[in-house]
Amino acid sequence: MSTTSTEPQPTEPPSRALRAAFRAFAAIEKVGNKLPNPFWLFWILAGVVIVLSAILAATGVSTVHPGTHDTIEVRSLLSKAGLTTMVEGAVDNFATFPPLATILIVGFGIAVAEASGLFTTLLRRMVARVPGKYLTFALSMTAMVAHVAGDAAYVTLIPLGALIFRAAGRSPVLGCVVAYVSISAGYDASPAITTTDTLLSSISTAAAHTIDPDHVVTPVANYFFGLASSVLVALVITVVVEKVIARRSDLDPDEPVKALTAEELKAVEVTPEQRRALRRTGVAALVFVAVVAVAMVPADSPLRGEHGSLVESPVITGMSVVLFLFFSLLGWVYGRAAGTFRTANDIVDALVEGARSYAPILVLFFAISQFLAYFKWTNIGNVIAIEGAETLKGMHLSGWTVLVGIAVLITFMNLVITSGSALWALAAPVLIPMLMLIGIEPATTQAVYRVADSVTNCVTPMSPYFAMCLGFIQQHKKSAGIGTLASFTIPIAAVVWIVWVAFFVAWYLLGIPFGVG
């Protein structure tokens with residue numbers, strides 16, 4: 001389905017609180033629109049680091065490492081050593097940027113699965129035959145699974161949500177809202193390992209090396225919390241939608257809800273061939289997992305780490321390769337069974353298309369990698385982290401208080417910087433070392449970041465998917481505008497934020513592991 005070209009117009013909010021919220025979002029949108037592309041933003045930040053390093057080095061700014069008691073001085077990038085580092089190190093900075101190879105390898109596997117049609121069919125299968133009273137939860141939970149497909153989940157699930165709700169005799173507008181909010185507000189919650197896990201963990205690992213060169217944040221470091229969060233967020237969205245949003249009168253589309261046409265039914269239903277292909281793919285997935293699990297059973301298995309460790313095993317530390325093989329296998333099995341893949345060259349075509357889709361990320365990574373290399377070389381991050389940790393210790397704040405404060409900070413930053421990887425690349429080099437120095441594990445810091453980074457995705461007009469969702473809604477309700485969609489998403493996001501942060505605090509205080517490793 002294509003989005004309408006109708007220019008979205010704000011609608012009058014139903015309450016004073018929402019009117020105030022819309023004015024705030026309008027201001028955020030205005031400021032955000034003046035920001036340069038993230039590629040240029042990181043080059044501007046790199047320029048700031050260059051100038052700032054020269055000033056701080058000239059004034060003799062330094063600190064003492066609390067562990068080694070070594071003096072850490074800020075180094076100037078405008079010195080001979082600094083200029084040499086920037087010129088000679090540019091290629092290595094990019095080539096060794098931790099998320100670069102990781103995101104490409106996992107992305108290749110996902111590209112194969114997506115090109116085969118596996119994800120689209122699986123999502124349709126998960127919601128096509130769900131009883132009406134469970135429809136909202138089923139669609140929301142399907143969105144949590146759809147996070148495996150990355151941003152493709154928006155394109156697939158939002159129009160599918162409209163069709164599914166319409167088939168059940170409910171408002172297609174509501175279907176769009178449920179799908180959009182579930183994908184965006186719960187973006188970092190999933191019952192499966194996603195590219196986000198591998199991307200964020202690699203950035204976290206690099207940041208942790210500032211304090212502990214041996215520390216590794218694995219791609220499954222937040223898995224337990226992410227799995228539980230996916231169910232929690234889906235439940236919260238379901239309750240808010242059914243108890244509040246679904247009762248609004250302005251959900252009615254321009255035309256009465258009609259039965260689906262034959263063409264629309266085809267877009268929703270799963271054919272017998274596709275069901276058969278899904279069954280074979282499910283068997284392949286179980287066999288793959290079973291083979292890996294059995295291979296790791298022997299204490300001297302080559303798939304175990306040093307001294308027989310499971311946490312430091314090649315399966316965990318090399319999760320990106322495991323995911324590549326997993327998704328490639330499933331894509332091939334489904335494609336062959338469904339007839340979407342006929343020769344081995346189809347896989348090559350899928351890999352090429354997948355590489356093409358990651359071109360914007362690679363361009364952004366080049367800028368980010370240089371900025372982070374400059375930031376690390378100057379020791380500015382070390383000084384900020386150590387001095388910040390000392391300040392926090394002096395304030396005698398409890399760990400959960402600090403983490404909630406970070407959640408609030410990231411929440412507001414995410415309204416303007418909507419790229420999760422870009423925002424974490426900016427925040428991690430300071431937050432992770434600083435909190436490590438006061439006894440908070442990097443995996444914990446990463447977990448609270450993921451909560452805060454997710455929720456406001458569905459309310460910021462800076463997100464390109466906000467406009468996409470609005471376009472799908474306008475196919476059913478032409479009068480809908482930015483204010484219409486925001487009036488649906490703001491209440492849901494507010495409740496999800498409160499419940500999810502409270503859930504994080506309870507998880508943290510109970511000492512439950514956030515994941516593996």
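Rules used throughout
Residues numbered from 1 in each chain as written. Predicted model: local features only at pLDDT ≥ 70, side-chain atom pairs only at ≥ 80, totals over all residues. Heavy atoms only, no water. Helix = DSSP H or I, 4+ residues; strand = E, 2+ residues; numbered from the N terminus. Buried < 20%, exposed > 50% of the residue type's maximum accessible area, 1.4 Å probe, protein only. Contact = heavy atoms within 4.5 Å. Areas by Shrake-Rupley, 256 points an atom, 1.4 Å probe, with all protein chains shown as cover. Salt bridge = Lys/Arg side-chain N within 4 Å of Asp/Glu carboxyl O. Patch = residues over 30% accessible without salt bridge, like charges linked within 9 Å, V, L, I, M, F, W, Y side chains within 5 Å. Lys, Arg positive; Asp, Glu negative; His and termini not counted. Charge placed at Lys NZ, Arg CZ, Asp CG, Glu CD. Expected span 1.5 Å × (residues − 1). Phe/Tyr/Trp six-rings, centres within 6.5 Å; stacked < 30°, edge-to-face > 60°. Lys NZ or Arg CZ within 6 Å of the ring centre and 35° of its normal. pLDDT = per-residue confidence, 0-100. Core = buried A, V, L, I, M, F, W, Y, C linked by side-chain atoms within 4.5 Å. Axes fitted to C-alpha atoms, helices over the stretch in contact; angles between N-to-C directions. Parallel < 35°, antiparallel > 145°, perpendicular 65-115°, else oblique. Nonpolar A, V, L, I, M, F, W, Y, C, P; charged D, E, K, R; others polar.

### A closer look at the overall build of the protein
From N to C terminus, the protein includes 23 helices and two strands. Counting only residues that meet the buried cut, the protein has 51% of its 517 residues in that class. Excluding contacts between residues fewer than 6 apart, the proportion of contacts in the protein whose partners are at least 24 apart in sequence is 79%. A total accessible area of about 22,800 Å² is found for the protein, and carbon and sulfur atoms account for 65% of it.

### Regarding the pattern of salt bridges
For the coordinates displayed, the defined rule picks out four salt bridges. The salt bridge partner of arginine 170 is glutamate 242, with a shortest N-O separation of 3.2 Å. In this pair, arginine 170 sits in the loop between helix 8 (152-167) and helix 9 (172-185) while glutamate 242 sits in helix 11 (residues 223-243), placing the two residues 72 residues apart along the sequence. Note on glutamate 242: relative accessible area 28%, which makes it partly exposed. As a salt-bridge pair, aspartate 197 and arginine 450 come within 2.9 Å of each other at their nearest N and O atoms.

### A look at a nonpolar patch on the surface
Nonpolar side chains collect at one region of the surface, where Trp40, Ile44, Val48 and Leu52 lie side by side and expose about 390 Å² of accessible area between them. Structurally, tryptophan 40 is set in helix 2 (residues 38-58). Among the residues examined, tryptophan 40 registers a relative accessible area of 52% and is labelled exposed.

### A few points about a positive patch on the surface
Where like charges cluster on the molecular surface, the positive patch consists of Arg125, Arg276, Arg279 and Arg280. Tracing the backbone shows arginine 279 in helix 13 (residues 272-295).

### Observations regarding helix 19 (residues 399-414)
With 16 residues, helix 19 should reach 22 Å at 1.5 Å per residue; the first-to-last C-alpha distance of 22 Å fits that figure. Elements that come into contact with the buried residues of helix 19 comprise helix 18 (380-395), helix 20 (420-436), helix 21 (442-455) and helix 23 (482-509).

### Observations regarding the packing of aromatic side chains
This model, assessed by the stated rule, comprises 24 aromatic pairs. Taken together, the ring pairs connect Phe225, Phe503, Phe504, Trp507, Tyr508 and Phe514 into an aromatic cluster. For the cation-ring pair, arginine 75 lies above tryptophan 377, with the distance from its terminal atom to the ring centre recorded as 4.2 Å.

### Quick notes on the environment of valine 216
Inspection of the secondary structure assignment puts valine 216 in the loop between helix 10 (195-208) and helix 11. Note on valine 216: relative accessible area 46%, which makes it partly exposed.

### Quick look at the confidence of the model for the protein
In the predicted model, the protein carries a mean pLDDT of 83, and the fraction of residues at 70 or more is 89%. Considering each helix and strand of the protein separately, the mean pLDDT is smallest for helix 1 (residues 16-34), with a value of 60, and largest for helix 11, with 94. Low confidence marks residues 1-13, where pLDDT is under 50. Its contacts with residues over four positions away, or in another chain, come to 31 contacts.

### Examining helix 22 (residues 464-474)
Most of helix 22 is tucked away: eight of the eleven residues are buried. All buried positions along helix 22 are accounted for by Tyr465, Phe466, Cys469, Leu470, Gly471, Phe472, Ile473 and Gln474. For helix 22, the secondary structure elements touched by its buried residues are helix 8, helix 9 and helix 23.

### Section: unusual backbone geometry
Unusually for a residue other than glycine, asparagine 379 sits at a positive phi of about 70 degrees. Relative to the helices and strands, asparagine 379 is located in the loop between helix 17 (359-378) and helix 18. Taking the relative accessible area as the measure of exposure, asparagine 379 reaches 14% and is therefore buried.

### Observations concerning the environment of proline 429
With respect to the helices and strands, proline 429 occurs in helix 20. We classify proline 429 as buried; its relative accessible area is 15%. Residues proline 429 and serine 204 lie 225 residues apart in sequence; the distance between their C-alpha atoms is 7.9 Å. Residues in contact with proline 429, not counting those within four places in the same chain, are Ala207, Leu372, Phe375 and Trp424.

### Some thoughts on the nonpolar core
Counting 123 residues, the largest nonpolar core has Leu157, Tyr180, Ile368, Trp424, Ile492 and Trp500 as its most contacted members. It is helix 23 that provides the largest number of residues to this core, a total of 13 residues. Contacts of isoleucine 368, omitting those with residues within four sequence positions, involve Phe42, Phe97, Ala422 and Ala425. Among the nonpolar cores identified, the runner-up in size contains 26 residues, and Val220, Phe288, Met296 and Phe326 belong to it.

### Quick notes on the packing of helix 5 (residues 98-115) against helix 15 (residues 319-338)
Contact geometry for helix 5 and helix 15: axes closest at 7 Å, N-to-C directions at 10 degrees. The angle between the axes of helix 5 and helix 15 places the two elements in the roughly parallel class. Across the interface between the two elements, Thr102, Ile105, Val106, Phe108, Gly109, Ile110, Val112 and Ala113 of helix 5 pack against Ser320, Val321, Leu323, Phe324, Phe327, Ser328, Gly331 and Trp332 of helix 15. Partitioned by chemical class, the residues of the contact of helix 5 with helix 15 number eleven nonpolar, five polar and no charged.

### Remarks on the environment of valine 217
Here valine 217 is to be found in the loop between helix 10 and helix 11. In this structure the C-alpha to C-alpha distance between valine 217 and alanine 443, which are 226 residues apart in sequence, comes to 6.4 Å.

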